[in-house]
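# Geometric and topological summary
So you can see what is in the structure, the chains are spelled out below.
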Amino acid sequence: MEIAAVLATLAVVVIFILIVLYLSVRVVQQYEKMVVFRLGRTNESLVREPGLRFLVPIIDRPVKVDLREQFIEIPSQTTITKDNAPINVDFLIYWKINDALKSVVNVVYFSGALQGIATTTLRAVIGDILLDEVLSKREQINEILRVKLDEVTERWGGKVTTVEIREIIPPRDVQDAMNRQLSSERTRRAVITESEGTRQAAINVAEGQKQSEILKAEGERQAAILRAEGFSQALERIFRAASGVDQKTMALQYLEALKALGASPATKYVIPVEFTRLLDPLTKLIGRGMLADEDMTAPVERSDG
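In this report, the structure presented in the accompanying data block is examined. (Residues numbered from 1 in each chain as written. Predicted model: local features only at pLDDT ≥ 70, side-chain atom pairs only at ≥ 80, totals over all residues. Heavy atoms only, no water.)

### Some remarks on the nonpolar core
Among the nonpolar cores identified, the biggest contains 35 residues, and Phe-91, Ile-93 and Ile-141 are the most heavily contacted of them. Looking at this core, the elements with two or more residues in it are strand S2 (32–38), strand S6 (70–80), strand S7 (86–97), helix H2 (100–105), helix H3 (110–126), helix H4 (131–136), helix H5 (138–153) and strand S8 (158–169). Leave out the neighbours within four places in its chain, and Phe-91 touches Ile-72, Glu-73, Ile-74, Ala-118, Leu-122, Val-163, Glu-164, Ile-165 and Arg-166. If you look at the next biggest cluster of nonpolar residues, it comprises 5 residues, including Val-28, Met-34, Val-36 and Leu-46. (Core = buried A, V, L, I, M, F, W, Y, C linked by side-chain atoms within 4.5 Å. Buried < 20%, exposed > 50% of the residue type's maximum accessible area, 1.4 Å probe, protein only. Helix = DSSP H or I, 4+ residues; strand = E, 2+ residues; numbered from the N terminus. Contact = heavy atoms within 4.5 Å.)

### Things to note about the packing of aromatic side chains
Tallying each qualifying case throughout the model produces 3 aromatic pairs. Ring centres 5.8 Å apart and planes at 35° place the aromatic pair Phe-71 and Tyr-94 in the tilted group. Taken as a pair, Phe-71 in strand S6 and Tyr-94 in strand S7 lie far apart in primary sequence, 23 residues in all. Residue classification places Tyr-94 among the partly exposed positions, given a relative accessible area of 28%. Ring centres of Phe-110 and Trp-156 lie 6.0 Å apart, and the angle between their planes is 85°; on these two criteria the pair is classed as edge-to-face. Of the two residues, Phe-110 sits in helix H3 while Trp-156 sits in the loop between H5 and S8, which places them 46 residues apart along the sequence. Relative accessible area serves as the criterion here: at 11%, Trp-156 is assigned to the buried category. Put simply, the rings of Trp-95, Phe-110 and Trp-156 pair up and form one aromatic cluster. Sitting over the face of the ring of Tyr-31, Arg-68 holds its NZ or CZ atom 3.8 Å from the ring centroid. (Phe/Tyr/Trp six-rings, centres within 6.5 Å; stacked < 30°, edge-to-face > 60°. Lys NZ or Arg CZ within 6 Å of the ring centre and 35° of its normal.)

Spatial relationships are all this shows, so hold off on functional conclusions.
What follows is the structure in structure tokens.
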């Protein structure tokens, strides 16, 4: 009986210890913080960081807060623009908890409260913007919504990081006008592209003609230079040949010229002065030739011994 009583006592003690451990030991994950309410009250000193944490059983009540970034989807909302055009807008809100204590103490359900304030803020923001601006300035509207929502959620210990409008559906008549505008814009771009192609082709043709004319002119210039150089070399050779001509050769050239003049029907001739100067040696040469001929034809006298 005593052994049974001891075993029963040990079992009760073990069970009590297990219950105490279950109530007092908590593991806080890396992405969490734990707010501890001690006898219904809490403060900054009772906020526990990630790790193995111990509580006072029955006295402490823990509340874990997820610090990871989360998102909520705001369903399509019908809003009225500044120019009284009804549009449907749906968007996403990305948020996270910055202050675990405020998120537990100051608001009951953070994501639900954020969704409710987001719908009213959207109507207020869209109501101050014209339809054309709503369709063309989506990024600016995202930033305005983020700032306004962040101002509200700050007192709840949260932070709105991003607001992304997914879809804006304008009225049917506006959609038809946008489709017509898109079609005309595509036609305009096609015409511009075609004209740009034509202009570029004309530029390329003109550029090719210009290059052809340049090459042609360059070739003619080189040919003229080569002809001039050839003519210059010919003149130099003629000058060198003329400088080596003696008076006899010049006299023969003048005789040939006189022969050509005599054969011409002209009655008046212009004879250069240099020609008369060349006649002196020519007459002397002819005279010596005639004397030589007379000596050769004269009879030889014989003397009788």
